[in-house]
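# Examining the three-dimensional arrangement
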Amino acid sequence: MSRPQIAALLAAFTLSACGPVLDSPGDEGDATTAAAPAPRLSDVTPVDDPRAWQGEVSINLPDPVISPAQADPEPRLPVTVTDAQGTKVTVTDTSRILALDVYGTLAHTVFELGLGDRVVGRDVSSSFPEIADRPVVTQNGHELSAEAILDLDPTVVLSDTSLGPFDVLLQLRDAGIPVVITDADRSLDNLSSLTQEVADALGVPAAGRELGQRLERDADRITRQVAEVAPQDITGQLRTIFLYVRGQAGVYYMFGEGSGADSLITAAGGYNVAAEIGWSGMKPVNDEGLIAAAPDAILMMNEGLESVGGVDGLLKQFPALTSTPAGENRRIIAMDDDQVLSFGPRAADVINALAVAFYAPDDL
């Protein structure tokens with residue numbers, strides 16, 4: 001299963017799981033974890049034994065600080081690009097931009113390119129202060145609304161295959177709106193190339209190169225720091241799996257090789273178990289897979305964990321986990337849904353926070 005297919009499935013599962021979010025046992029009031037900055041990995045003291053700590057770690061990073069690569073870039077138009085699906089698209093006007101995907105990565109990228117003042121709407125995942133006042137054009141979670149989009153009269157739409165229905169994007173093209181489909185992959189491998197796709201489509205290639213280089217430098221810096229902290233021998237690294245769950249919809253999947261989660265786990269200094277057990281793409285999780293993985297730690301999305309009633313609910317749903325080191329120690333790392341697999345401009349911050357969770361959890 002390709003990463004674009006995984007992204008589309010993830011969006012579909014999120015749609016099917018809409019409804020009230022359950023509070024974790026012991027929580028009172030709002031189940032949302034307060035946003036707090038993670039300490040820099042270089043400033044913390046790693047635990048002596050990564051397999052000794054116990055309990056859940058919940059991560060919700062604060063809003064990103066927008067720092068445009070160029071203060072006020074002037075798009076050079078018209079521009080014709082070949083998008084990720086091989087379609088040639090000509091963009092003649094970038095005065096009213098919509099950038100939409102399941103994690104809000106595209107909109108964040110547009111702001112970092114210095115074109116945020118031209119963005120006229122947003123997806124539900126894009127909620128940082130600079131964009132929060134723009135109308136939402138997705139409904140029922142991550143479902144594109146043609147009517148809401150057309151009401152904003154966009155001059156160009158950037159999206160990917162992570163949102164649906166795709167017919168909405170075709171409808172926009174039929175209405176004469178340039179629609180550029182970007183790479184749906186989210187990983188460290190395409191930080192600069194995805195950024196450049198967005199920049200080229202908006203006529204600011206120089207800003208794209210500058211921003212892409214910055215993102216690569218930031219990611220390289222934090223991965224070097226991780227290498228200094230994480231055990232060099234993989235037998236000393238935390239065996240980690242990524243579970244995607246939506247309890248209300250009965251959706252329980254484990255992300256394997258090629259899902260983006262594998263890249264994230266490795267970058268943060270964990271040992272990705274998926275390759276060892278031959279788990280590729282995104283497949284329904286079962287007791288056999290969990291026992292074979294024998295994880296030391298489980299990475300999840302915050303709302304996913306909440307949807308099954310927290311750690312107790314997860315262990316009740318999958319009794320096999322109780323016989324694994326992760327289950328025995330309740331070693332669950334849960335991160336905000338819109339952050340954990342977003343990569344893009346937030347890649348370095350996400351990797352840093354997860355590495356701290358793996359090797360210095362008391363500092364979170």
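Here is what the cut-offs are and how they apply
- Residue positions are given per chain, counting from 1 as you read along its sequence in written order.
- The predicted origin of the model limits local features to residues at a pLDDT of at least 70 and limits the giving and counting of side-chain atom pairs to 80 or more, whereas totals for whole chains, interfaces and linings rest on all residues.
- Hydrogen atoms and water are omitted, and side-chain values are computed over all heavy atoms in the structure.
- Numbering goes from the N terminus for both helices and strands, where a helix is a DSSP run of H or I of at least four residues and a strand is a run of E of at least two.
- Here the globule rule is a power law, 2.2 Å times the number of residues to the power 0.38, and the radius of gyration is based on C-alpha atoms.
- Here the term buried applies to any residue with accessible area under 20% of the maximum for its type, exposed to any over 50%, and partly exposed to those in between, with areas from a 1.4 Å probe on protein chains only.
- Working rule for contacts: check all heavy atoms of both residues, and any pair within 4.5 Å makes them a contact.
- Here the open area of atoms and residues is found with the Shrake-Rupley method and a 1.4 Å probe, where only the protein chains shown may cover a residue.
- His is not counted here, nor are the chain ends, while Lys and Arg score as positive and Asp and Glu score as negative.
- Positions of charges follow a simple convention, taking NZ of Lys, CZ of Arg, CG of Asp or CD of Glu.
- Pairs were defined over the aromatic rings of Phe, Tyr and Trp, the Trp ring being its six-membered one, requiring ring centres within 6.5 Å. Orientation was assigned from the angle between planes: stacked under 30 degrees, edge-to-face over 60, tilted for the rest.
- For a lysine, the NZ atom is tested; for an arginine, the CZ atom; a charge sits over a ring if that atom is within 6 Å of the ring centre and within 35 degrees of the ring normal.
- One confidence number per residue, pLDDT, is output by the predictor and ranges from 0 to 100.
- Note on geometry: axes are lines fitted to C-alpha atoms, helical ones only across the stretch in contact, with angles between N-to-C directions running from 0 to 180 degrees.
- Should an angle fall under 35 degrees it is called roughly parallel, over 145 degrees roughly antiparallel, and 65 to 115 degrees roughly perpendicular, with every other angle called oblique.
- Each crossing gets its handedness from the near helix: less than a right angle anticlockwise from the far helix is left-handed, clockwise is right-handed.
- Between any two strands, pairing holds if DSSP finds at least two bridges.

On to the overall build of the chain, then. When its secondary structure is counted, the chain shows 14 helices and 14 strands. On C-alpha atoms alone, the chain measures out to a radius of gyration of 20 Å, which is about the 21 Å that the 2.2 N^0.38 rule sets for 364 residues. On the principal axes, the C-alpha backbone points of the chain span a range of 60 × 40 × 40 Å. Counting only residues that meet the buried cut, the chain has 57% of its 364 residues in that class. Long-range contacts, defined as pairs at least 24 residues apart, comprise 71% of the intrachain contacts of the chain with a sequence gap of at least 6. Accessible surface, the chain: about 14,500 Å² in total, of which carbon and sulfur atoms supply 47%. For the chain, the separation between the mean place of its 23 positive charges and that of its 53 negative charges on side chains is 5 Å.

Assignment of secondary structure puts Asn329 in the loop between helix H12 (325-328) and strand E14 (332-335). The spatial distance from the C-alpha of Asn329 to the C-alpha of Ala35 is 25 Å, given a sequence separation of 294 residues. Not counting the four nearest positions on each side in its chain, Asn329 is found in contact with Trp53, Gln54 and Gly55.

Let us look at the packing of aromatic side chains. According to the stated counting rule, one finds five aromatic pairs in the structure shown. Arranged with centres 5.0 Å apart and planes meeting at 20°, the rings of Phe242 and Phe255 form a pair that is stacked. Residue Phe242 is found in strand E9 (residues 239-246), and its partner Phe255 is found in strand E10 (residues 251-255); the two are separated by 13 residues along the sequence. Accessibility assignment for this pair places Phe242 and Phe255 in one class, buried. Among the aromatic residues, those joined into a cluster by ring pairs are Phe242, Tyr244 and Phe255. In this arrangement the basic side chain of Lys283 is found over the ring face of Trp279, its NZ or CZ atom lying 4.6 Å from the centre. Over the ring of Trp53 we find Arg331, and its NZ or CZ is 5.4 Å from the ring centre.

On to the confidence of the model for the chain, then. Do not read the fine detail of predicted coordinates wherever pLDDT is low. In the predicted model, the chain carries a mean pLDDT of 90, and the fraction of residues at 70 or more is 91%. Segment residues 14-33: pLDDT under 50, and 38 contacts once partners within four positions in sequence are set aside and those in other chains are kept.

As a packed pair, helix H2 (residues 105-112) and helix H5 (residues 191-201) sit with axes 10 Å apart at the nearest point and diverge in direction by 70°. On the basis of their axis angle, the class for H2 and H5 is roughly perpendicular. Handedness of the crossing formed by H2 with H5: right-handed. In contact with Leu106, Thr109 and Val110 of H2, H5 contributes Leu194, Thr195 and Val198.

With respect to topology, three strands assemble into an open sheet ordered E4-E7-E8, the strand pairing being parallel. Unpaired on one side and paired on the other, strand E4 (97-99) and strand E8 (179-181) mark the two borders of the sheet. Direction aside, the axes of adjacent strands within the sheet are offset by 15° on average. Where strand E7 (residues 156-159) meets E8, three bridges bridge the pair, whose relative direction is parallel. The residue of E8 that forms the bridge with Ser159 is Ile181. Seen against the sheet, H2 touches E4 and E7 and runs at an angle of roughly 135° to E4.

Here we take up the pairing of E10. With respect to burial, E10 is a largely interior element, five of its five residues being buried. Here E10 shows two buried faces, one formed by Val251, Tyr253 and Phe255 and the other by Tyr252 and Met254. Where E9 lies against E10, five bridges are found, and the strand directions are antiparallel. For Val245, the partnering residue across the bridge sits in E10 and is Tyr252. The turn joining E9 and E10, which pair antiparallel and follow one another in sequence, is formed by four residues; a positive phi near 70° is taken by Gly250.

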